[in-house]
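# Survey of secondary and tertiary structure
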Amino acid sequence: MDAQQEMENIDKKFQKEINAGISSLVLLSVLDKAEGPMYGYQIAKLVEDSQAGGSFIKLGTLYPVLRALEDNDLLRSEVEPSVTGPPRRYYRITQPGRETLTRWRKIWQQTREMVGIHLEGTQNDK
């Protein structure tokens, strides 16, 4: 493996680690703002459309995150028939999910501020 590939692998690993926790936060936020239940592809499309340049949450990782949130009672789902294809699983946020989202937003704000301080400090040192 050459140095360029190694750096790309390091970058991918870093991005994967960042995305792991943020995905849950984003999905809870999307469902909190939704006017009603949403199915997985609908959620993925909404998130993708809000991103500039690239897909933050891939379909392959979306469903495991949704299941994990449901396993922790942060989301609830129901399967409903679809006139255009197979049945769809619709997700909605629960009250414990809303409470968790409130806490996670505070944690995100604190994390963002702390990282910003350190990154700005690093830039000023150069």
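Computed from a predicted model, the values in this text were never measured in an experiment. (Residues numbered from 1 in each chain as written. Predicted model: local features only at pLDDT ≥ 70, side-chain atom pairs only at ≥ 80, totals over all residues. Heavy atoms only, no water.)

### Concerning the packing of aromatic side chains
The full count for this structure, using the stated rule, is one aromatic pair. With 5.5 Å between their ring centres and 75° between their planes, Tyr39 and Tyr90 make a pair best called edge-to-face. Of this pair, Tyr39 sits in strand E1 (residues 38-39) while Tyr90 sits in strand E3 (residues 88-93), and the two are 51 residues apart along the sequence. The buried category is assigned to Tyr90, whose relative accessible area is 19%. Arg88 extends its terminal NZ or CZ atom over the ring of Tyr39, reaching a point 4.0 Å from the ring centre. (Phe/Tyr/Trp six-rings, centres within 6.5 Å; stacked < 30°, edge-to-face > 60°. Helix = DSSP H or I, 4+ residues; strand = E, 2+ residues; numbered from the N terminus. Buried < 20%, exposed > 50% of the residue type's maximum accessible area, 1.4 Å probe, protein only. Lys NZ or Arg CZ within 6 Å of the ring centre and 35° of its normal.)

### Details of the side chain of Ser24
With respect to the secondary-structure elements, Ser24 resides in helix H1 (residues 3-33). Excluding anything up to four places from it in sequence, Ser24 contacts Val65, Leu69 and Trp104. (Contact = heavy atoms within 4.5 Å.)

### Examining the sheet that holds strand E2 (residues 75-80)
Spatially, the three strands line up as an open sheet ordered E1-E3-E2, and their pairing is antiparallel. This sheet does not close on itself; its edge strands, each paired only once, are E1 and E2. By the bridge criterion, six bridges tie E2 to E3 in an arrangement that is antiparallel. Counted as the bridge partner of Val79 is Arg89 from E3. (Pairing = 2+ DSSP bridges.)

### Quick look at H1
Taking 1.5 Å as the rise per residue, H1 with 31 residues should run 45 Å; its terminal C-alpha atoms sit 44 Å apart, in good agreement. Of all bends in H1, the biggest is about 35°, found at Ile22. Turning to H1, its buried residues number three or more, namely Asn19, Ile22, Ser23, Ser24, Leu25, Leu27, Leu28, Ser29, Val30 and Leu31. Measuring from the side-chain oxygen of the N-cap residue of H1 to the backbone nitrogen of Gln4 gives 3.3 Å; that N-cap residue is Asp2. (Expected span 1.5 Å × (residues − 1). Bend = angle between axes of the 7 residues up to and from the residue. Polar contact = N/O pair within 3.5 Å; in protein donor to acceptor, adjacent residues only side chain to side chain.)

### Quick word on unusual backbone geometry
Positive phi values are uncommon outside glycine, yet Asp73 reaches one of about 65°. Take Asp73: it is sitting in the loop between helix H3 (59-71) and E2. Asp73 gets classed as partly exposed once you look at its relative accessible area, which sits at 34%.

### What about the pattern of salt bridges?
Enumeration according to the criterion identifies six salt bridges in this entry. Residue Asp32 is joined to Arg105 by a salt bridge in which the shortest nitrogen-to-oxygen separation is 3.8 Å. Of the two residues, Asp32 is situated in helix H1 and Arg105 in helix H4 (residues 95-125); the sequence distance between them amounts to 73 residues. Taking the relative accessible area as the measure of exposure, Asp32 reaches 24% and is therefore partly exposed. Note that Asp49 and Lys45 form a salt bridge whose closest N and O atoms lie 3.5 Å from each other. (Salt bridge = Lys/Arg side-chain N within 4 Å of Asp/Glu carboxyl O.)

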